[in-house]
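Survey of secondary and tertiary structure
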Amino acid sequence: PDTRYLADYQPFPFILEETRLDFDLAPDATRVRANLKMRPRDATKDLVLDGGSAVELLSLHIDGKVPDPALVARDDETLTIAAAALPDAPFSLTTEVRIDPSSNTAFEGLYLSGGMFCTQCEAEGFRHITFYPDRPDVMAPFRVTIRSEKPILLSNGNPVSVGDGVAEWHDPWPKPAYLFALVAGDLVAVRDVFTTRSGRRVDLNVWVRPGDQDRAGFAMESLIKSMKWDEDVYGREYDLDVFNIVAVDDFNMGAMENKGLNIFNSKLVLASPETATDADYERIESVIAHEYFHNWTGNRITCRDWFQLCLKEGLTVFRDQQFTSDMRSAPVKRIEDVRALRARQFREDQGPLAHPVRPDNYQEINNFYTATVYEKGAEVIGMLKRLVGDDGYARALDLYFERHDGEAATIEDWLKVFEDATGRDLTQFKRWYTDAGTPHLTMAEDWDEAASGGQLTLTFSQRTPPTPGQDDKPPRVIPVAVGLIGPNGDEVQATRMLEMTEAQQSFSFDGLGARPVVSALRGFSAPVVLDRNIDDATRAFLLAHDTDPFARWEAGRDLAMSALISLSQGQAAGADYIDAIGRLAADDGADPAFRALCLMLPGDEEIATRLAAEGVTPDPDAIHSARDDLARRVADAHADLLSDLYDSMAVSGAYSPDARSAERRSLRIAALGLLNRIDRGDRAEVLFGTAGNMTERMAALICLIRRGRGQAALEALHDQFDDNRLVMDKWFSVQVMAADPAQASGIAQRLAARNDFDWKNPNRFRALLGGLAGNHAGFHAADGSGYDFTADWLMRMDKVNPQIAARMSTAFETWPRYDAERRENARAALQRMAAMDGISRNLREMVSRMIA
Ligand code: HT7
Ligand code: ZN
C-alpha cells in the first residue's frame, strides 16, 4: 500500500511562482511563515501539500483570508485544501507553523548539530519544515528571512541584507524544495574569490567551527579547482555572487548540493596532515567537486521525480570521476573506481536488494541512494560516451544544457539529447536503465592460422542472472574494448570497440600471422563480469605486457583471485601469481600507485562475491586464511624487494597531499602490509612512532592490530586525539575492521559500551558498525554474533534515525549466499528486526526486501 510507482506520475496541478520563507529560529520552537504564490493549472483539483506529523499548523490564509475549516484537512503526512476553497486565478497561500529542531534526531529537515541550526532536505526533508509541494518538479525562486541570535545566518542564493539578528537571502534560480538550505551558527570562514570566465566575481567561503579554520584550506583549493575544471571541460559557469560551504558534525550522508549553500559532513571538509589520510584528502577533493558539479547537473537541470535520481547522481559521479582522473593518475582512478563498483554495486546486484539504475517503484526513496543509482549510473554514462565517441558526447551534453536548463527532466529526455545529437537509436541501450543485474559476458576464442593470414574470431555470449521481479533479461548493448598482444609482447591490434547487441555475437581479426593474446574489456568498458577460459601463464603474460593499464592490473587481479579461490578450497596454488607480482613490483617504469594496486590482494568480501557469482558457497574463514597465506608467501618470496620499496618510497620533507607524494606513500604502505606478515610488526611499530602524517600512522596501526600488537598505539592515538571527533571515528573503526575475525564482534561490543561511543552521531555509529561489516569473516561469524550485535544496534538506531539504520542494514544484503548455519542466523536477525514494534518505513522496506 505504501509503494510508489514510476508509472503513476502526474504533474502537480498548480504552478508555484514564488516562495517566501520567514524563520524565527529557536531550538525547541522555531516558527516558519511560508508565503507561496500559486496559480492553478487545473482548477478542479484540491491542493495537497506535504507536511510531516511534527509540523504544527498555527495559521493558514488564502489571499489573506482564513478558509472554511471544513475545506481543510490534515493527516499525518499532508495538508489538503479543497478546490472549493481556492480561487480560479493566481493566489497567495500563507501558513505559519511551529517545529522543534531540538528533538529532530533523524537529521532530516531543520535540526541542531552542536548548537548550530542546519537543514537537510533531500529527498523529502522540506516537508518537516513547513507545508509545501515537496516534489522535485515544483520549482520556484526563493526569498528567505532568518531571525536568530546566532552570528552567521545563511541560506541559498545571494545575500540581500545582513543585519543584527536578521538576514535576508534571495535565490533567483527556480529550485525544488529539496535544494533549500539554512544554516545559523557560530561559524568562521576560510575565504577566497573566484572570477568566472565571463568576469563574475564570486565570493567563496568554507564555514567551520572556530578553531577548525586551519583544516579547511584543502577544501577551498578543491573548490577552486572544481570551478575552473567545469568551465574548461563542460563550459559550465557558476551563476551566483557567493558560494558557501558549511561543515557539520551530524550529517546523514557525505554532503549536499543545496543551491549556493553546500552542506558537508565535516569529515569531507576538514583535513590536516596529522589527522587525515591521503585517501581522506582525495575523497574531500572529489566530493567538493561532486557537490559543486551538481550546480548544473542536478540544480539548474533537476529530476522530474525521484525515480530519475540517476539523472543527476549518475551524471555527477561520472563528472567527478573525470575530474579526479584529470587531477590525478587516470589509470589509477579507473582501477579504484572499478574496485569500488565491484565491492559495492556488484554485491548489491547479486542479492535481494538488486534494482535497476532507474527503479520503477519504491516505498522509501532514501533507500535508493545506492551504488546502483550512483556508481552504475556513472558507468552507464561512460558506456554511452564510448558508444557515441567524445565529440558525440560533447554535442549531446551541450544540447542537454541548452534544452533542459531550468527544467525537471527524465531519463527519456537525457537519452533523447544523445539521439538527437548523434543520430543514434538508443532504444536497446535504455535497458541499462530499466533492467537490474550484472551481465555475465563469456568470451570464446577461435584461431585459424590458415584463414585470412591468421584469423582470430572472438565469440561473446551474454546472460544476466534473474533479479527480484525481473526474470527475463533481454540482451543489452555492450561495448567491449579489445586489443591484441603478439607473442613477443608487442601490441598487434590497438584498442577496438566491439559493439555487442545480440545474445551471442562473433567478431574477427585478420592478418595476424601468429596467434595473439587477447586483452579484453580494456578500461573496463562495460560493467559486466567477463568469463574467459584463460590459464595463469597467459594472465602473467598480460600482466607483463598489456598496454592498457586497467587490463594489465586486471590480469594480476585474476591471477591472485584464481590462487585465492583454489587456496580457499584447500588446493595448493599461487606460484604463478607470486612470480608475476614480483616482476611487476620491481618494474620501476610502472608508476608507484599502479604497482601498489597490483600488490593489494582482493579483499575477503570481493573473493566471496566472485565465488558466489560462480555458484560456490563462500566460507568466510577459509577465505580469510587463504588471503593470509598468500600474502605471507608473497612477503617471503620478495622480502628484499619489498624492503627496498618500503625504504625507497619514503617521501622526505614536510607532508604534502599532492598526487605524486600520495602515490609513493601508497606503494610504501602496500610493501609494509606484506612485510608485516613476516617482520612481526617491527617496521610498523617504528613507523607509527615516527611518521608525521596520518596516512602512514594509520597504515602502521592497522599492521600492528593485525599482529595483535595494537594496544599501545591505540592508547597513544587516543591520548593525542581524544578531542578530535574525526580521528576518534577512525580509532573506533580500525580496531574492529582490522581485528582477528574471531574477536571482532566482542571488540565491537566492548567499544559500544564506552561513554564516548556517541552513537547518535552518524559518523560514530558508522565507524563502529561499518567497521564490523567491513570485517568479512567477523561480521559473518558462524555463531551469528556479528549479525546479532548489528541487528540490536540497528533496532536501537531506527527509533532515532531511520535513514542511518536502513542504510547500515545493507550489511546483511549478501546473507543468502552463505551456508545453512549462517543463513539461519542471519534470517533470525532480519526477522527480529522485521518484527520490531514501531519499525520505520525505511528499515521495514529494507528488511522485507532482504527476507522476501
Ligand atoms: N544529493 C545528495 C544526496 C542525499 C543526501 C545528502 C545528505 C544527507 C541526506 C541525503 N539524502 C540524499 C548528496 C549527493 O549525492 O551529492
Ligand atoms: Zn550527488
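None of these values were measured; they are calculated from a predicted model.

1. Some thoughts on the overall build of the chain
Broken down by element type, the chain carries 26 helices and 30 strands. Against the compact-globule benchmark of 29 Å for 852 residues, the chain has a radius of gyration of 28 Å, which places it among compact chains. Based on the C-alpha atoms only, the size of the chain along its principal axes is roughly 85 × 65 × 60 Å. Going through the 852 residues of the chain one by one, you find that 51% of them count as buried. When contacts within the chain are restricted to residue pairs at least 6 apart in sequence, long-range pairs at least 24 apart make up 70% of them.

2. Focus on the domain arrangement of the chain
Annotation of the chain at the domain level lists domain 1 (1-107 + 119-184), domain 2 (302-434), domain 3 (440-533) and domain 4 (722-852). Taken over C-alpha atoms, the centre of domain 1 sits 54 Å from the centre of domain 3.

3. Examining the site of ligand 1
Neighbouring residues of ligand 1: 13 residues in total, closest Gln120, Glu122, Asn252, Met253 and Met256. Contributing elements (two or more residues each) for the shell around ligand 1: strand E19 (255-256) and helix H2 (278-293). When its residues are assigned to classes, the shell around ligand 1 shows five nonpolar, four polar and four charged.

4. Things to note about the sheet that holds strand E25 (residues 455-463)
Two strands in a sheet stick together by hydrogen bonds in their backbones, pointing the same way (parallel) or opposite ways (antiparallel). Across the sheet, which stays open at both edges, the four strands sit in the order E28-E25-E24-E30 with mixed pairing between neighbours. This sheet does not close on itself; its edge strands, each paired only once, are strand E28 (504-509) and strand E30 (529-532). In this sheet, neighbouring strand axes are inclined to one another by 25° on average, regardless of whether the strands run parallel or antiparallel. In the sheet, strand E24 (residues 440-448) pairs with E25 via nine bridges, with the strands oriented antiparallel. For aspartate 448, the partnering residue across the bridge sits in E25 and is glutamine 455.

5. A look at the UniProt feature "domain: Aminopeptidase N-like N-terminal" (unreviewed entry) in the chain
Within this structure's numbering, the places UniProt gives as "domain: Aminopeptidase N-like N-terminal" (unreviewed entry) are residues 60-179. Within residues 60-179, the helical portion is 0% and the strand portion 48%, while the C-alpha atoms at the span's ends are 24 Å from each other.

6. Topic: the pairing of E24
In this antiparallel pair of consecutive strands, E24 and E25, the connection spans six residues, and serine 452 shows a positive phi of 45°. By the bridge criterion, four bridges tie E24 to E30 in an arrangement that is parallel. What sits directly across from histidine 440, in E30, is valine 529.

7. Concerning the pairing of strand E11 (residues 140-147)
Each regular strand displays side chains that alternate between the two surfaces of the sheet. Relative to E11, strand E2 (residues 14-24) is paired through six bridges, and the arrangement is parallel. Each bridged residue has a counterpart across the sheet, and for phenylalanine 23 the counterpart in E11 is isoleucine 146. Pairing analysis gives seven bridges linking E11 to strand E14 (residues 166-175), with the strands arranged antiparallel. Bridging across to E14, isoleucine 146 finds its partner in alanine 167.

8. Details of the environment of arginine 827
Here arginine 827 lies in helix H25 (residues 820-834). A residue is classified by how many C-beta atoms lie within 10 Å of it, and arginine 827, with 16 of them, is partly exposed. For the pair formed by arginine 827 and phenylalanine 812, sequence separation is 15 residues and the distance between their alpha carbons is 9.2 Å.

9. Observations concerning H25
Over its 15 residues, H25 runs 20 Å from end to end, which matches the ideal 21 Å to within 8%, given 1.5 Å per residue. Buried residues of H25: Arg822, Asn825, Ala826, Ala829, Leu830 and Met833, and no others. With its buried residues spanning 130° around the axis, H25 presents them on a single face. Of the exposed residues in H25, the ones pointing more than 90 degrees away from its buried face are Ala820, Glu821 and Gln831. Close packing links the buried residues of H25 with helix H23 (785-798) and helix H26 (841-851).

10. Looking at the nonpolar core
As a rule of thumb, soluble globular proteins bury nonpolar side chains together. In terms of nonpolar packing, the biggest core is built from 252 residues, with Leu182, Val183, Ala219, Val246, Ile263, Val269 and Leu701 touching the most fellow members. Per element, the largest residue contribution to this core is twelve residues, and it comes from helix H5 (residues 371-404). Other than its neighbours up to four places away in sequence, leucine 182 contacts Phe23, Leu110, Phe117, Thr119, Val144, Ile146, Leu154 and Ser155.

11. Quick notes on the sheet that holds strand E6 (residues 72-74)
Ordered in space as E4-E7-E6, the three strands form an open sheet in which the pairing is antiparallel. Each edge of the sheet is formed by a strand with only one pairing partner; in this case those strands are strand E4 (47-50) and E6. Sheet twist, expressed as the mean angle between neighbouring strand axes with direction ignored, is 15°. Looking at chain direction, E6 and strand E7 (residues 78-81) are connected through three bridges and run antiparallel. The residue of E7 that forms the bridge with alanine 73 is threonine 80.

12. Considerations on the confidence of the model for the chain
Do not read the predicted coordinates in detail wherever pLDDT is low. Confidence along the chain averages 98 in pLDDT terms, with 100% of residues attaining 70 or more. Interface confidence for the predicted complex, given as ipTM, is 0.98, next to a pTM of 0.99.

13. Quick look at the packing of helix H9 (residues 549-568) against helix H13 (residues 620-637)
It is at 8 Å that the axes of H9 and H13 come closest, and there the two elements cross at 125°. As judged from the angle between their axes, H9 and H13 are oblique. For the crossing formed where H9 meets H13, the hand is right-handed. Here Ala563, Leu564, Leu567 and Ser568 of H9 come into contact with H13, specifically with Ala622, Ile623, Ala626, Arg627, Asp629 and Leu630. Residues of the contact of H9 with H13, tallied by class, amount to seven nonpolar, one polar and two charged.

14. Topic: the UniProt feature "domain: Peptidase M1 alanyl aminopeptidase C-terminal" (unreviewed entry) in the chain
Per the UniProt record, "domain: Peptidase M1 alanyl aminopeptidase C-terminal" (unreviewed entry) is annotated on residues 537-851. In the segment residues 537-851, helix accounts for 71% and strand for 0%; the C-alpha atoms at its two ends are 43 Å apart.

15. Describing helix H15 (residues 659-675)
Over its 17 residues, H15 extends 24 Å from the first C-alpha to the last, a length consistent with the 24 Å expected when each residue adds 1.5 Å. Of all 17 residues that make up H15, 13 are buried, and the element is covered over most of its length.

16. Details of the environment of glycine 710
Note that glycine 710 resides in the loop between helix H17 (694-706) and helix H18 (711-721). In this structure, glycine 710 is in contact with Leu701, Leu704, Ile705 and Gln735, ignoring residues within four places of it in sequence.

17. Some points on unusual backbone geometry
Residue alanine 123 follows glutamate 122 across a cis peptide bond; omega there is 0°. With respect to the helices and strands, the residue alanine 123 is situated in the loop between strand E10 (116-120) and E11. With phi around 50°, aspartate 63 is a residue other than glycine that occupies positive phi space. Checked against the element boundaries, aspartate 63 lands in the loop between strand E5 (56-62) and E6. When the 13 C-beta atoms within 10 Å are taken as the criterion, aspartate 63 is described as partly exposed. One non-glycine residue with positive phi stands out, namely serine 452, at about 45°. You can see serine 452 is positioned in the loop between E24 and E25.

18. Observations concerning the environment of isoleucine 747
Tracing the sequence through the fold places isoleucine 747 in helix H20 (residues 741-752). Judged by the 20 C-beta atoms lying within 10 Å of it, isoleucine 747 falls in the buried class.

19. Some points on the packing of H9 against helix H12 (residues 604-613)
Axis separation between H9 and H12 bottoms out at 11 Å; the angle between their running directions is 80°. Judged by the inter-axis angle, H9 sits roughly perpendicular to H12. Contacts between H9 and H12 involve Met561, Leu564, Ile565 and Ser568 from the first element and Ile607, Arg610 and Leu611 from the second. Looking at the contact of H9 with H12 residue by residue, the class counts come to five nonpolar, one polar and one charged.

The rules behind each value
- Residues numbered from 1 in each chain as written.
- Chains lettered and ligands numbered in written order.
- Predicted model: local features only at pLDDT ≥ 70, side-chain atom pairs only at ≥ 80, totals over all residues.
- Helix = DSSP H or I, 4+ residues; strand = E, 2+ residues; numbered from the N terminus.
- Rg over C-alpha atoms; globule rule 2.2 N^0.38 Å.
- Buried ≥ 20, exposed ≤ 12 C-beta atoms within 10 Å, placed from the backbone.
- Contact = placed C-beta atoms within 7 Å.
- Domains from an automatic or database assignment.
- Near = placed C-beta within 6 Å.
- Nonpolar A, V, L, I, M, F, W, Y, C, P; charged D, E, K, R; others polar.
- Pairing = 2+ DSSP bridges.
- Axes fitted to C-alpha atoms, helices over the stretch in contact; angles between N-to-C directions.
- UniProt positions renumbered as here; feature names shortened; annotations may be inferred.
- Expected span 1.5 Å × (residues − 1).
- Arc of directions from axis to C-beta.
- Core = buried A, V, L, I, M, F, W, Y, C linked by C-beta atoms within 7 Å.
- pLDDT = per-residue confidence, 0-100.
- Parallel < 35°, antiparallel > 145°, perpendicular 65-115°, else oblique.
- Left-handed = near helix turned anticlockwise from the far one by under 90°.

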